[in-house]
Amino acid sequence: MALARSVKLAPRSNRELMLVSLENAREEIPGARLTVAGFVEENGELGLPVVFEFPVYNYYDAVKTVGYLEEMSLPYFSATGLTIVRAEGTDDVRGRIEGSFRMPAGKVGAADGN
């Protein structure tokens, strides 16, 4: 039986939160290749453009991958494109999701820093 522990995490910057979310997504999506651009800040939001390319073994896995990214909350993932393609003459099917991790550019959290 696992015991629940209270862990006090050090505050992280918005960029660190995005990079941790990126790493978590990479680990959650088996066989994924990622292409990441630099951070962008516009209209009060910080963004990290990313492209996920991953093998698609069946419909369920593809939907699960999209669902995982769509369920993220802070930072959230904003998809701008989804492509699923079968390589000509093979059974190799690849998925590609384009989008960016996004969150407010300013400090996130309670006014008193807690």
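Residues numbered from 1 in each chain as written. Predicted model: local features only at pLDDT ≥ 70, side-chain atom pairs only at ≥ 80, totals over all residues. Heavy atoms only, no water.

## Section: helix H1 (residues 14-28)
Now for step 1: Taking 1.5 Å per residue as the helical rise, H1 with its 15 residues ought to reach 21 Å, and the 21 Å between its terminal C-alpha atoms agrees with that figure.
Now for step 2: All of the buried residues along H1 are Asn 14, Met 18, Ser 21, Leu 22 and Ala 25. Down the axis of H1, the smallest arc covering the buried residues is 105 degrees, so these residues share one side.
Now for step 3: Tucked inside the fold, the buried residues of H1 contact strand S1 (33-36), strand S3 (45-55), helix H2 (59-70) and strand S5 (93-104). (Helix = DSSP H or I, 4+ residues; strand = E, 2+ residues; numbered from the N terminus. Expected span 1.5 Å × (residues − 1). Buried < 20%, exposed > 50% of the residue type's maximum accessible area, 1.4 Å probe, protein only. Arc of directions from axis to C-beta. Contact = heavy atoms within 4.5 Å.)

## A word on the packing of aromatic side chains
The geometry of two aromatic rings is summed up by the distance between their centres and the angle between their planes.
Now for step 1: Scanning the entire structure with this criterion turns up 3 aromatic pairs.
Now for step 2: Judged by centre distance (6.4 Å) and plane angle (75 degrees), the rings of Phe 52 and Phe 101 are edge-to-face. Residue Phe 52 is found in strand S3, and its partner Phe 101 is found in strand S5; the two are separated by 49 residues along the sequence.
Now for step 3: Taking the centre distance of 5.4 Å and the plane angle of 70 degrees together, the rings of Phe 77 and Phe 101 count as edge-to-face. With Phe 77 in strand S4 (residues 76-86) and Phe 101 in strand S5, this pair connects stretches of sequence that are 24 residues apart. For the residue pair Phe 77 and Phe 101, the accessibility class agrees, reading buried in each case.
Now for step 4: Feature note: the residues Phe 52, Phe 77 and Phe 101 constitute an aromatic cluster, connected by ring pairs. (Phe/Tyr/Trp six-rings, centres within 6.5 Å; stacked < 30°, edge-to-face > 60°.)

## Concerning the side chain of Ser 100
Now for step 1: You can see Ser 100 is positioned in strand S5.
Now for step 2: On the basis of relative accessible area, Ser 100 is assigned to the buried category, the value being 9%.

## Structural notes on the confidence of the model for the protein chain
Now for step 1: Within the protein chain, residue pLDDT values average 83, and 83% of them lie at 70 or more.
Now for step 2: In the model, residues 1-8 has pLDDT below 50 throughout and makes 0 contacts with residues more than four positions away in sequence or in other chains.
Now for step 3: Between residues 110-114, whose pLDDT stays under 50, and residues either more than four places distant or in other chains, the model counts 1 contact. (pLDDT = per-residue confidence, 0-100.)

## Brief notes about the layout of surface pockets
Now for step 1: Size it by volume and the second largest pocket reaches roughly 200 Å³.
Now for step 2: Breaking the lining of the second largest pocket down by element, the ones donating at least two residues are S3 and H2.
Now for step 3: When residues of the lining of the second largest pocket are assigned to their parent elements, the largest contribution, 5 residues, is made by H2.
Now for step 4: Considering only residue class, the lining of the second largest pocket consists of 7 nonpolar, 1 polar and 3 charged. (1 Å grid on protein atoms, 1.4 Å probe; cavity = no way out; pocket = protein on both sides within 12 Å on 5 of 7 lines; lining within 4 Å. Points joined across faces, edges and corners; volume = space filled by probe spheres on them. Nonpolar A, V, L, I, M, F, W, Y, C, P; charged D, E, K, R; others polar.)

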